Amino acid sequence: METMRTTFRVNGKDVELDVEPRRLLVSVLREELGLTGTHIGCDTTNCGACAVVVDGKAIKSCTMLAVQADGKEILTIEGLTKDGTLHHVQRAFLEKHGLQCGFCTPGMIVMSYWLLNQNQNWGEEEIKKRLSGNLCRCTGYRDIIACIRYAKELMRGERE
Amino acid sequence: MMGESESFVRGAGKYVDDITLPHMLHMAVARSPYARAKVLSVSGGMNRDDLKAPIGGFGEGGRRDVNPAILHPVFAQDTVNYVGQPVAAVFANDRYAAEDKLDEIDVEYDKLKPILTIEDALSGEGGPLHAGTTSNIIKQSWMGADFDDPASPIMLEDQFMIGRIVSNPLEPRGIIADYDGSTITVYISTQAVFSIKDGLCSTLGLDSSKVRVIQADTGGAFGVKSALYPEYVMAVCAALKYRKPVKWIESRSEHLAASQPGRGVRGTMKLFADTDGKVLAVRGEVTTDAGAFGGSSGTSSPFFVAMQLTGPYGIENARVLATSVMTNKPPQGPYRGAGRPEAAFFMERMMDLLADTLGKEVDEVRLINTTTHRFTSPLGLEIDASRPFFERAVVELQYREKSIRDAAGLGFFVLVPAVMPGESARIRVHNGTVDVWLGGNQHGQEHFTFVKRLLSEELAIPENLITLNNGDTAALKDGVGSWGSRSALVGGAAVIAAARELKSQVESRLGGYTAEGLLEDSFDAEVFDGHTRQLNSFGANLATISIDNYGMVKVKECAACYDVGRALSPNVVEGQIIGGSIQGIGQVLYESVVHDSEGRLLTKNLSDAGVPIAENTPEFFTTIVERPSSFVHRAKGLGEAPTIGVPIAVVRAIEQISGKRIRHTPVRPEELIEDSDA
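In this text the structure is predicted, and so the values were computed from the model without any measurement. (Residues numbered from 1 in each chain as written. Chains lettered and ligands numbered in written order. Predicted model: local features only at pLDDT ≥ 70, side-chain atom pairs only at ≥ 80, totals over all residues.)

Visitor: Describe the overall build of chain A, listing the residues and the values that go with them.
Guide: Helix and strand content of chain A: six helices and five strands. Scanning chain A from its N terminus toward the C terminus, one meets helices and strands in the order β-β-α-β-β-β-α-α-α-α-α. For a compact globule of 160 residues, the expected C-alpha radius of gyration is about 15 Å, and chain A comes in at 16 Å, within 12% of that figure. Summarising its shape, the C-alpha atoms of chain A cover approximately 50 × 35 × 25 Å along the three principal directions. In chain A, which comprises 160 residues, the share counted as buried stands at 52%. In chain A, the share of contacts with a sequence separation of at least 24, taken over all contacts with a separation of at least 6, comes to 61%. (Helix = DSSP H or I, 4+ residues; strand = E, 2+ residues; numbered from the N terminus. Rg over C-alpha atoms; globule rule 2.2 N^0.38 Å. Buried ≥ 20, exposed ≤ 12 C-beta atoms within 10 Å, placed from the backbone. Contact = placed C-beta atoms within 7 Å.)

Visitor: Give a detailed account of the overall build of chain B, specifying residues and quantitative values.
Guide: Of regular secondary structure, chain B possesses 18 helices and 27 strands. Here the C-alpha atoms of chain B give a radius of gyration of 25 Å, agreeing with the 26 Å that 2.2 N^0.38 yields for 678 residues. Taken along the three principal axes of its C-alpha coordinates, chain B extends 75 × 75 × 45 Å. The buried share among the 678 residues of chain B stands at 60%.

Visitor: Explain the pairing of strand β14 (residues 262–273) of chain B residue by residue, including any values.
Guide: Residue and element names in this part refer to chain B. Across the 12 residues of β14, 10 count as buried, placing the element largely inside the fold. Inspection of the sheet shows strand β9 (residues 154–165) paired to β14 by 11 bridges, in the antiparallel sense. Bridge pairing in β14 places Leu 156 opposite Leu 271. Where β14 meets strand β15 (residues 279–289), nine bridges bridge the pair, whose relative direction is antiparallel. Residue pairing for β15: Arg 266 is matched across the bridge by Thr 287. (Pairing = 2+ DSSP bridges.)

Visitor: Account for the sheet that holds strand β20 (residues 422–430) of chain B, with residues named and values stated.
Guide: Residues and elements named next belong to chain B. Across the sheet, which stays open at both edges, the four strands sit in the order β22-β21-β20-β23 with mixed pairing between neighbours. The open sheet has two free edges, formed respectively by β22 (466–468) and β23 (523–530), since each of these has just one partner strand. Averaged over all pairs of adjacent strands, the angle between their axes in this sheet comes to 15°, without regard to strand direction. Here β20 pairs with β23 via eight bridges, running antiparallel. The residue of β23 that forms the bridge with Glu 423 is Asp 529. (Axes fitted to C-alpha atoms, helices over the stretch in contact; angles between N-to-C directions.)

Visitor: Help me get a handle on the nonpolar core, residues and values and all.
Guide: Residues and elements named next belong to chain B. Counting residues in hydrophobic clusters, the biggest one holds 145 residues, and the most contacted among them are Met 27, Ala 177, Val 186, Ala 235, Val 236, Ala 238 and Val 246. The greatest single-element share of this core, amounting to eight residues, is contributed by helix α5 (residues 230–242). Once residues lying within four places of it in the same chain are set aside, the contact partners of Ala 235 are Met 27, Ile 175, Ala 177, Val 246 and Trp 248. Counting residues in hydrophobic clusters, the runner-up holds 122 residues, among them Leu 271, Tyr 313, Phe 346 and Leu 410. (Core = buried A, V, L, I, M, F, W, Y, C linked by C-beta atoms within 7 Å.)

Visitor: Please set out the interface of chain B and chain A residue by residue, giving values where relevant.
Guide: Counting residues at the interface gives 41 residues for chain B and 43 residues for chain A. Looking at the side of chain B that touches chain A, the elements with two or more residues in it are α1 (6–10), α6 (252–258), α15 (570–589) and α16 (606–609) of chain B. The element that contributes the greatest number of residues to the side of chain B that touches chain A is α15(B), accounting for six residues. Each residue belonging to the side of chain B that touches chain A can be placed in one class, and the counts come to 14 nonpolar, 19 polar and eight charged. (Nonpolar A, V, L, I, M, F, W, Y, C, P; charged D, E, K, R; others polar.)

Visitor: An account of the sheet that holds strand β26 (residues 619–625) of chain B is requested, with residue identities and associated values reported.
Guide: Residues and elements named next belong to chain B. The mixed open sheet is built from four strands, whose spatial order is β19-β24-β25-β26. If you trace the sheet from one side to the other, it starts and ends with β19 (409–415) and β26, each paired once. Mean inter-strand twist for the sheet, computed between neighbouring axes without regard to direction, equals 15°. In terms of strand pairing, strand β24 (residues 537–547) meets strand β25 (residues 553–563) through nine bridges, oriented antiparallel. Bridging across to β25, Ile 547 finds its partner in Val 553.

Visitor: Describe in detail the domain arrangement of chain A, supporting the description with residues and values.
Guide: Residues and elements named next belong to chain A. Each assigned domain of chain A is listed with its residue range as follows: domain 1 (4–78) and domain 2 (88–159). The gap between the C-alpha centroids of domain 1 and domain 2 is 21 Å. On the side of domain 2, 11 residues touch domain 1, which itself brings 14 residues to the contact. Considering every element that reaches the side of domain 1 that touches domain 2, the biggest residue donor is strand β3 (residues 51–54), with three residues. Its residues assigned to classes, the side of domain 1 that touches domain 2 comprises eight nonpolar, six polar and no charged. (Domains from an automatic or database assignment.)

Visitor: Quick one: what's the story with the environment of B:Ser251, residue by residue and with numbers?
Guide: Structurally, B:Ser251 can be placed in the loop between β13 (246–249) and α6. Looking at B:Ser251, the number of C-beta atoms within 10 Å reads 18, which means it is partly exposed. Along the primary structure B:Ser251 and B:Gly174 are separated by 77 residues, whereas in three dimensions their C-alpha atoms are 9.3 Å apart. Once residues within four sequence positions are removed from consideration, B:Ser251 is found in contact with A:Asp43 and B:Pro172.

Visitor: Quick rundown of the domain arrangement of chain B? Include the residues and the values.
Guide: Residues and elements named next belong to chain B. Each domain of chain B was delimited in the assignment, giving domain 1 (6–112 + 173–249), domain 2 (336–416 + 534–672) and domain 3 (422–530). A separation of 32 Å is found between the C-alpha centroids of domain 1 and domain 3. Contacts between the two partners involve 21 residues from domain 1, matched on the other side by 17 residues from domain 3. Within the side of domain 1 that touches domain 3, the residues separate by chemical class into seven nonpolar, nine polar and five charged.

Visitor: Tell me about helix α17 (residues 641–658) of chain B, residues and numbers included.
Guide: Here α17(B) spans 26 Å end to end across 18 residues, near enough to the 26 Å set by a 1.5 Å rise per residue. Note on α17(B): the residue one or two positions beyond its end, B:Gly659, has a positive phi of about 75°. (Expected span 1.5 Å × (residues − 1).)

Visitor: Tell me about helix α6 (residues 142–159) of chain A, residues and numbers included.
Guide: Here α6(A) spans 26 Å end to end across 18 residues, near enough to the 26 Å set by a 1.5 Å rise per residue. Of the residues making up α6(A), those classed as buried are A:Arg142, A:Asp143, A:Ile144, A:Ile145, A:Cys147, A:Ile148, A:Ala151 and A:Lys152. The inward-facing, buried residues of α6(A) abut α3 (88–95), α4 (105–118) and α5 (124–130) of chain A together with α15 and β26 of chain B.

Visitor: Tell me about the environment of B:Lys402, and please be specific about residues and values.
Guide: Residues and elements named next belong to chain B. Assignment of secondary structure puts Lys 402 in helix α11 (residues 399–406). Overall, the presence of 19 C-beta atoms within 10 Å leaves Lys 402 in the partly exposed class. Residues Lys 402 and Thr 544 lie 142 residues apart in sequence; the distance between their C-alpha atoms is 8.0 Å. Those residues in contact with Lys 402 that sit more than four places away from it in its chain are Ala 408, Leu 542 and Thr 544.

Visitor: Break down the packing of α4(A) against α6(A) for me, citing the residues and quoting the values.
Guide: All names here are of chain A. At a closest axis distance of 11 Å, the pairing of α4 and α6 adopts a crossing angle of 50°. Relative to α6, the element α4 lies oblique. Considering only the axes of α4 and α6, their crossing is right-handed. Facing α4, whose interface residues are Met 108, Ser 112 and Leu 116, α6 presents Ile 144, Ile 148, Ala 151, Lys 152 and Met 155. Of the residues contributing to the contact of α4 with α6, the split by class is six nonpolar, one polar and one charged. (Parallel < 35°, antiparallel > 145°, perpendicular 65-115°, else oblique. Left-handed = near helix turned anticlockwise from the far one by under 90°.)

Put into structure tokens, the structure is as follows:
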């Protein structure tokens, strides 16, 4: 099958690939770049386990072709950890029990990170609404919401 | 390495789809588009010409004592019996290419009219699904001794239906099979490596010393990942045939169409009582829609439901007809609770009806039926005195206040964990580190927390030296599995038994036990800690709700009061309760499996299937009662409690607000609108 030369930046590294135009971004991230932290939980864009940030916007990487990411900057769960140190959102999920089986976790963390970058003043109901595209079957969401609240405190603590 | 949650927040978990082996093939599966049809011809791929073997009942609730004619074939043979049933498999170097190759499969079908309901299956119309059988009943028998109907003033009858639910763990099913010319190594997302190994060996006639099953990190299961499935057998066959590793990862569409859904149980109840509300006798019928084949937990489901039917009450007379029937839908399997929620729903709905009939409070009618001593029901359910717990739970849940203020619903139940036959554990000490394996495999319940706590207590060693490894049949002689609220209970007891064996090894080598002595040398202890008696516990739930003009129900408050014995990891206990509660809410308000009149699945994505979202989360209140069990670590079961107790509390609350009697789940908004005649 024909391929297209595609260039993008993932977690701060430039990548150049020959990609079949039909391949989804999530497939390329996982299978060609080995970034398996981005998960596939459905094939209908319902679950959000594949959430990544593309040019500053959270997207579901199962709903974007890899060739559409040409020239763009991508952040995955692996890119949140800097020099082995967890991002505040990752730390919050770990310390406040924001996960059980862990499968939805990378998508949840990426989405939470993006939400907190958008607006740290959203209340609980606003957060819940914005998290409704990310499914978790284990936790019942309560602890995830609490983690986002805690991550907000950690981020504020850092600024002050 | 599972469970040390830090790898998961980094995105460094190793789920089965994250594993890549050299020269690996990807498998895609061609499936039946019809609920019932004759298969006139199949060409292309691996198909019925390559393998005739059927799959027996392996995993939670599986039964092998059924007519071989009704077992699930790996590849469809002369007929297909549900939409999604595997017909053929293709293999390619990459997932996209494997999907492309499905075009090479050519199947000729002769469509038949499907049997889709319990009623149709029992009617006999449409004939038996499988050649060599005369009816669509898998198993049927009476439970409990017969009795003369009591001459009681109150006799109430009703019928209930709990609809099917797909487990829908966020990680779908998946397997890699690898053959090196001598041994088959399987990496799999599972609750039970030994069920998978036993099932593969039995189905394919493999020597058990040549098969090793290793659990990858497992992203949830809720019952759906203990069974042996056709795709697993296909992957192993292909690995043997092509001498290359073969990976199959289920798509969500496949999960919804062709994994084993839970529930699908009908209950008919007849209750005899006196005017005080004391229940004198129960007659019942429990019928499970077991789907298209025998051998799965659908075969045993109605018997397990029937056994629990008297719940936490001291009812002296009970007799139940239990029946499993076949329909043209995927085989039924366990889903969190697996028979327990159904039994509680049937009895608690009758308790509410009894209270309403007598004009009494629902807690009053329940109280009068609790026991003040240990009681074995006519159906074989063993319970402790239930009155002390119930009296406390009504107070803890503030039922009376909330009943008046918010028309709260109440539910009371007994949790029957799958204690028997016990579980295995192994502890190996080497180079100052402690490695642990359990027969039952964690898939989100964080077993590592209780393993670390119990071992640090028993062996006086720091928790950070202890690692709980993923399931591996090469690390243990045998094992059971993780399901039925059993892991902290029997897995925890097995860990202590293994620790004590380890201590006695240290004592006999060094003349006495010290943690330093243990850690400075190498030791290895494996036990199977057997159990032969039920160890049941009580729980109660309360719920308050509101209903808007469109019939949409919102659960406002969801409160739990459970006796968990000693809470080994309080935040994990809390997490299990909250997570299970929203699944209970899902059963009542959102989740369903809907087929059209031709048996084609309509609930084809996670939204249509109704998996709850963050906005569905109510306010939670939990009360943990720690009444110690008779087990060595004093723990009790927990995981399924919320899926038993929450639905019965929520439906009662809906009934109170809407004024409409609720007889089934899910409850649809259109049923609750004022002038609806639904």
